[in-house]
Amino acid sequence: MASKAVRNLFRGRPFRGQVRRGALVTLTSLAGLLALGEADARTVRIVQAQTLELRRLDDQEIVIITGGAGGGPVELRVDDDVVRATRVEYNRTRRTLTLIGAATYHTARDNQNLQGENLVVDLAGEQLTGEDVLISDGDIEIRGQEVERIPGQLRATGGYFTPCAKCGRTPNDYAFRAERLIVYPGDRLVAYRAQLLLADFPVLYLPVVVIPLNDPERQPRLAVGRGDPDGVTVEADLPFSIGANTLGTSLIRYYENRDPSIGLGVALRSYAPLPFVDRVNLYTLANPKPFAADGTRQVGYDVDLDFSARGRVPLALAVRDLDYTLNVVRRDIGRTETDPERGVTRVNFTANVEYPSFAAQFNYVDRFGPEPTTALTTPLKQPEVVLDPKPYTRGNLSADTKFTAGRYTGQSNPLSRSATAQGINISTTRLEEQHSVNYSVQPWKNADLTLRNTFTGRYYGTGARTVQLDAGAQLTQRFNVTNTVTARYNYIRIEGTSPFAFDALSGRRLSAPLSVDLYTVPVPDVIFGASYTRDLFLPWNQQAPATFRLNVNRLPVLLAYNLAHNFATGELESTNFNLTLGDRGLSRPVSPVPVRPGQPPVPAPFRATWPAPNLTLTASGGYTRTGGYQPFTVRATVTGDNRANSFSVYATHDIQTPRLSAVGAEFSGVTRQDTVLNPISFTGRENLNLLTPRVTGAYSLTWRGAYTLSTAHDLALEQAENVKESGTMTFSVGTASGRATSWQLTYGGPYDVRRAGFTRPSVTGTLTATRPGQRLGLSAVVNTPGLDQQRSELVRADVSADWQFGTRVALAGRAVYTRSRTGTYPDDVPTDTLILDPIQVGLAIGRGPKPGAYLTGSLRQTFTWKDGERQNPAPLAPVIGLTIDRCCWALQAEIDMSLRRYRLGISLPGSTSYPLFDYGTGGLNVPLLPGALNPGNR
């Protein structure tokens, strides 16, 4: 097999044998087949082959790989490139692959397919030569009598190429035949002495043709326009490349009436152009200044500059390479003369390096140009150096430090008189030192002691300083695993005034809180906690209250109680509780605890029996010193054997008033007679607010999870004599939400309790049907007679649809009808409005899987009738469009009946649509014709 083949090859004996699929061959590990030498480490993997054979011809070793008598192809992978052929001959001496017969070579880096006869691949130089080769990369197709591929270029003689390759149409819309071709993969194609072919018929001779091959921003762009006050304007972007690692675009701007008229610029990106430089981006444009707001011509240029670079520099003994980034930005184009950022160039440079014992950073942030007239919220660093030693650890002691030094310019701190005296911004030096020291130890059994010290000090060239110190100790003692007592002491000192606003302290603070926390489980299922803090620097009447908490989770009791009491003032700050009495579904036999040999038996945990397993009682309330008593709420809930069935009543008492504020009930359930054929679920809630008073509620009944009957109301029980409506009440029936086809019918509206009837009722119906490629939506509102509404009429209808008829016809649209009335019944006048927004139809024309043309129609129009008479009558005014799509070009025509306008345009690769002509009420306009040649300018 493969290993046997390798052994025989190194022994110098001929070998013929089978090769298993997926064999990996490389000589660099002395287990390979294709020897590439020490200078090359390309990996070759045999994906599919039948036999191997080694031959010696004229002192050259040739390995022959065939696909066998079955006619199966040979497939190899050279790194990420894929080679397929009927027979492959590898010359180990010259390090070349010869693909015998029809073969395919796919390059992963350029994503190109090369097909031809007897292709020769030079693995060492990554070159390929062949005759009658077809090259395709999805965007362009090239045929050449002789083809040679070298890194970064592909050359062909006697070539034929077309950008219409991806269309798959025959014949191609346009193509070129050239004596010599040079392809720069991913950038451009250059053809010399070429003929332009339309439908494969020669129509024009061109000495040189250049076609961009890259993404849209690398395509050439040309825009021609005319307007006031600039006159004729031309914008051209022309791509170029320098070598194999730099791509750029020349920027050319022309303005007829500006002074000067020509603007130039460049946008480029370069990959590894120099040693220690990984990437360079540059965008710069010198654009003639535009006219001022008052129409005055300005002389000179506005400059935009955006330069960035990043790279790495290897350093001895460093953990990794030094990395750096540089950004230089200036933005003048589009800014007014009074803009404070005009003429300002900002520079930002950062370099990072890391050694085994420390890391360092260098920052330079600055601005050049006119002096700033506003506050610099982002400080300038001119420069800044950061030194961060690695943390020091020895036993239970750890220490971490960091030093930052530099010169800064930033907004003055309003709290510093000396800083504000120098202006809105101040410049001075600053040294910052940070450290954090931690030490932990166990002084005795079940005890943990932690000591820490955190410090940040900043020292300024003006003589100012700021200090942030936080030192503390914590001792925790555990008793019986679940009980702990913790004592903490902190010393916090914050003082000083920074001259800068960006690092100003919020205020001074001197604090020394001493606190004690208790957490204990006195009996199973009961947790008690207490906490008290006393600040040694605060007076007795400003101390924080002590807090106590009690949690009980022992059936049938679930209790959460919190209390805060200030012993210094003797006042109760706050208290609240939440109590639940019930089974909660947890009542079940308790398994006995196994008895260990020689140990006394462990008593089972206490569980009381709740006399009513299906009844749950809850109560909640509270008190705060500032807000007084909180509402007291009690609730009783009865749950059936099925947990989905429940009924609860509740009452809320306002202790402040005191009076009963609200009562209510909630219920839910599901039938269990037949959960498959006849499942019925229902829910309901009712609330009576006795303070307003007001009643709100909602009820629903669902059958088989598909159909729902529901009602809802929100009504005031007391109202003024001049108020005619108490609230709303509705009744609905329809399908459950989330279905592909759903409908709903609702009756109701404003309701008057005093007159016991609907004042302005209506019936609302909706229908939505959705299928693959189809959607229909219908809705309508009909007013019905009520106490304050005397007639029945349709007041709104909404129809929307999207319909796909196969792959060639599509229909979509929306129509909305509304009716409103003005005046007093019965002499009120109706106004009807019909809005089409829009009605669209699309038709794809052409054979094959991809249409060649699209015909579209769109209608957006509003129709209005007042008292049955049409207002401002106008004929239908659709917009009709025709698009001929040929992949590499597109022709678009449009007829707009409403504007009486006819337009024709063409789109080319890498550009926007070019309008050929526009004919409307203003006459004929040909935008591409400049000056007096354009009829639209006459």
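This one's a predicted model, so the numbers in the text were calculated from it and none came from an experiment. (Residues numbered from 1 in each chain as written. Predicted model: local features only at pLDDT ≥ 70, side-chain atom pairs only at ≥ 80, totals over all residues. Heavy atoms only, no water.)

Enquirer: Help me understand the overall build of the protein chain in this model?
Expert: Looking only at helices and strands, one finds 2 helices and 60 strands in the protein chain. Within the protein chain, counting contacts between residues at least 6 apart in sequence, those at least 24 apart form 39% of the total. Here the protein chain has roughly 53000 Å² of accessible surface; of this, 57% comes from carbon and sulfur atoms. (Helix = DSSP H or I, 4+ residues; strand = E, 2+ residues; numbered from the N terminus. Contact = heavy atoms within 4.5 Å. Areas by Shrake-Rupley, 256 points an atom, 1.4 Å probe, with all protein chains shown as cover.)

Enquirer: Just checking my understanding: could you explain the pairing of strand S54 (residues 853-866) for this structure?
Expert: It is a general feature of regular strands that their side chains alternate between the two faces of the sheet. Note: strand S53 (residues 829-845) against S54, 13 bridges, orientation antiparallel. Bridge pairing in S54 links Ile839 to Leu859. Of the strand pairs in this sheet, S54 and strand S56 (residues 879-885) are connected by 6 bridges, and their pairing is antiparallel. In the sheet register, Thr856 faces S56, and the bridge partner there is Gly881. In terms of strand pairing, S54 meets strand S55 (residues 869-871) through 3 bridges, oriented antiparallel. From the neighbouring strand, Thr864 faces S55, where its bridge partner is Gln871. Counted between consecutive antiparallel strands, the loop separating S54 from S55 contains 2 residues, among which Asp867 sits at a positive phi close to 55°. (Pairing = 2+ DSSP bridges.)

Enquirer: Honestly, a negative patch on the surface in this entry has me stumped. Any pointers?
Expert: On the surface, Glu117, Glu131, Asp132 and Glu146 cluster together into a negatively charged patch. Relative to the assigned elements, Asp132 resides in strand S10 (residues 127-136). (Patch = residues over 30% accessible without salt bridge, like charges linked within 9 Å, V, L, I, M, F, W, Y side chains within 5 Å. Salt bridge = Lys/Arg side-chain N within 4 Å of Asp/Glu carboxyl O. Lys, Arg positive; Asp, Glu negative; His and termini not counted. Charge placed at Lys NZ, Arg CZ, Asp CG, Glu CD.)

Enquirer: What's the story with the pattern of salt bridges in this structure? I'm lost.
Expert: Note on pairing: side chains with opposite charge can pair once their charged atoms come close. Applying the stated criterion across every chain yields a total of 50 salt bridges. A salt bridge links Arg819 to Glu793; the nearest nitrogen and oxygen atoms lie 3.1 Å apart. Linking Arg819 in strand S52 (residues 809-822) with Glu793 in strand S51 (residues 793-805), this pair joins segments that are 26 residues apart in sequence. Since its relative accessible area comes to 13%, Glu793 is described here as buried. Among the ionic pairs, Asp837 bridges to Arg860, the shortest N-O distance being 2.7 Å. Linking Asp837 in strand S53 with Arg860 in strand S54, this pair joins segments that are 23 residues apart in sequence. On the basis of relative accessible area, Asp837 is assigned to the partly exposed category, the value being 42%. By relative accessible area, Arg860 is classed as exposed at 53%. Among the charged side chains, a salt-bridge network with shared partners connects Arg791, Glu793, Arg819, Arg821, Asp828 and Asp832. (Buried < 20%, exposed > 50% of the residue type's maximum accessible area, 1.4 Å probe, protein only.)

Enquirer: Looking at this structure, how should I read the pairing of strand S16 (residues 221-227)?
Expert: Inspection of the sheet shows S16 paired to strand S17 (residues 231-242) by 7 bridges, in the antiparallel sense. Bridging from a neighbouring strand, Gly227 pairs with Gly231 of S17. Remark: 3 residues form the turn of the hairpin made by S16 and S17, two consecutive strands paired antiparallel.

Enquirer: Explain the packing of aromatic side chains here, please?
Expert: Taken as a whole and judged by the stated rule, the model has 20 aromatic pairs. Members of the aromatic cluster, connected to one another through ring pairs, are Tyr408, Tyr460, Phe500 and Phe502. Cation over ring: Arg430 sits above Tyr408, and NZ or CZ is 4.8 Å from the ring centre. (Phe/Tyr/Trp six-rings, centres within 6.5 Å; stacked < 30°, edge-to-face > 60°. Lys NZ or Arg CZ within 6 Å of the ring centre and 35° of its normal.)

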